[in-house]
Amino acid sequence: MILRQSRWKIEEQILLLKRLGMLLDEGYSISDAIGFIQIQLKKDKQNELLESIEKLKNGEKFFKVLAQLQFHSTAVSFVFYGEQNGNLSKSLQTAGLILSEREKRKRKIRTLLTYPIFLLILTGGMFFVISWQLLPQFIQLYHSFQAEPNVLLKSLFWIREHPLMIGTVLLLLFSIMIIAQYSYRMRKTSFEIQTAFGKFPILGNLVQLWNTYYIAYHTSQLLQSGLSLFQSLHFIKDDPKKPYLKEAIEKINDGLLNGDSFSAAVQKIPFWKKELVTVIQHGQLISKLEVELEAYSQYCLEAFFEKLEKIIKIIQPLIFGFIAIWIILMYFSIMLPSFQLINYI
């Protein structure tokens with residue numbers, strides 16, 4: 001029987017991932033752990049998890065089950081690796097931790113933006129009142145005095161008289177941006193898109209840190225499970241949620257076939273941090289590649305969230321600055337005509 005799926009909230013996903021990880025550490029099998037957790041959930045979620053247990057018993061991979069439940073791509077990817085490296089409990093708990101941190105940042109952004117957005121709406125309302133109530137009176141006064149309005153007032157007059165044209169132009173520009181973005185994604189591979197993102201100011205550093213964390217962490221876990229470096233790369237190439245990794249691994253393999261060292265081949269991947277090469281070289285030199293990759297991955301994750309935190313702290317002052325300029329312009333739009341008209345009296 002196919003059940004109608006209900007969407008899992010991100011908080012529910014985080015809770016399930018963490019509980020599953022803890023129960024696996026206690027010696028539960030994945031099916032038994034899911035069976036225990038579903039007892040505590042609502043009826044619709046219980047039905048979905050019971051159906052998931054049946055799928056697992058029929059041999060389906062857990063990461064595919066999560067994908068069918070529409071879990072976050074981070075959870076699906078981490079479970080994909082956890083099933084291979086034999087440490088599923090750690091992968092589940094790590095995915096839960098990362099998603100939890102991500103949600104914490106999202107909530108902080110929402111909190112920081114609530115008041116500025118309220119001010120924007122308020123000043124937008126004031127601008128509407130000025131444009132549709134005060135401006136007509138200023139226009140009549142200027143006509144009666146046969147005076148020439150200033151540039152700011154002319155601009156406001158023009159905006160008031162051409163709302164349909166402005167709306168059409170904005171809608172057209174927005175449509176062009178959407179079409180251009182879609183066309184770009186269709187023409188470029190996911191590897192090329194990641195490369196482009198990695199070159200963006202500010203955003204590029206975050207992209208590189210996250211991508212470097214991702215490859216370093218999962219490679220270290222696969223190496224610790226007993227796979228060779230070649231086997232680990234071969235497995236990473238099949239990542240269901242990161243198609244750009246397939247092309248990245250193929251480029252590394254091509255470099256190795258051409259006689260490059262592993263670190264030299266990795267250096268050619270543009271959306272990974274350059275320090276990754278040094279970590280690989282040192283790890284191979286002391287025969288502790290898996291240990292150093294895991295330590296470096298944690299550094300990248302911490303740096304990623306630290307930089308994200310700094311960006312969040314910058315956003316609010318920028319919005320307040322924009323609002324301040326907006327209010328000053330509205331003030332001038334009211335006061336300048338008044339002072340100009342006084343000169344004609």
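Residue positions are counted from 1 within each chain, in the order its sequence is given. Reporting of local features is limited, given that this is a predicted model, to residues whose pLDDT is at least 70; pairs of side-chain atoms are given and counted only at 80 or more, and all residues count toward the totals for whole chains, interfaces and linings. As a rule here, side-chain values come from all non-hydrogen atoms in the structure, and water together with hydrogens is ignored.

Moving on, we get to the pattern of salt bridges. Between Lys or Arg on one side and Asp or Glu on the other, a salt bridge is scored when a side-chain nitrogen of the former is within 4 Å of a carboxyl oxygen of the latter. Under the defined criterion, the tally for this structure stands at 11 salt bridges. The salt bridge partner of Lys 45 is Asp 44, with a shortest N-O separation of 3.6 Å. Three labels apply to residues, based on accessible area from a 1.4 Å probe with only protein chains included: buried if under 20% of the type maximum, exposed if over 50%, partly exposed otherwise in between. Judged by its relative accessible area of 6%, Lys 45 falls in the buried class. The class of Asp 44 is partly exposed, set by a relative accessible area of 32%. Glu 294 is paired through a salt bridge with Lys 90; the nearest N and O atoms lie 2.7 Å apart. Of this pair, Glu 294 sits in helix α15 (residues 289-344) while Lys 90 is found in helix α6 (residues 88-145), placing the two residues 204 residues apart along the sequence. Residues joined by salt bridges that share partners form a network here, namely Glu 101, Lys 104, Arg 105, Lys 108 and Glu 309. Note on conventions: DSSP H or I runs of at least 4 residues are helices, E runs of at least 2 residues are strands, and numbering of each starts at the N terminus.

Here the focus is empty space enclosed by the protein. For each structure, a 1 Å grid was placed over the protein atoms alone; sets of points admitting a 1.4 Å probe that cannot get out are labelled cavities, open sets with protein on both sides within 12 Å along at least five of seven lines are labelled pockets, and lining residues have an atom within 4 Å of a point. Grid points are joined across faces, edges and corners, and a volume is the space filled by probe spheres set on the points. One pass over the full model with this rule turns up 2 cavities of 30 Å³ or more. Estimated volume of the largest cavity: approximately 90 Å³. Lining of the largest cavity is provided by 13 residues; of these, Ile 215, Thr 219, Phe 262, Val 266 and Ile 280 occupy positions nearest its centre. Elements represented by at least two residues in the lining of the largest cavity include exactly α10 (203-224), α11 (229-236), α13 (262-266), α14 (275-285) and α15. Here the lining of the largest cavity takes 3 residues from α10, the largest share from any one element. In terms of residue class, the lining of the largest cavity is made up of 12 nonpolar, 1 polar and no charged. Of the pockets and cavities examined, the second largest cavity occupies roughly 40 Å³. Lining the second largest cavity, in full, are Val 266, Gln 267, Ile 269, Trp 272, Lys 273, Lys 274, Leu 276 and Val 277. Residue classes follow a fixed rule: Ala, Val, Leu, Ile, Met, Phe, Trp, Tyr, Cys and Pro count as nonpolar, while Asp, Glu, Lys and Arg count as charged, and any other residue, Gly among them, counts as polar.

Residues Phe 191, Ile 193, Gln 194 and Thr 195 constitute the buried set of helix α9 (residues 190-197). Contacts from the buried residues of α9 go to α8 (163-187), α10 and α12 (244-257). Any two residues having at least one pair of non-hydrogen atoms within 4.5 Å are treated as being in contact.

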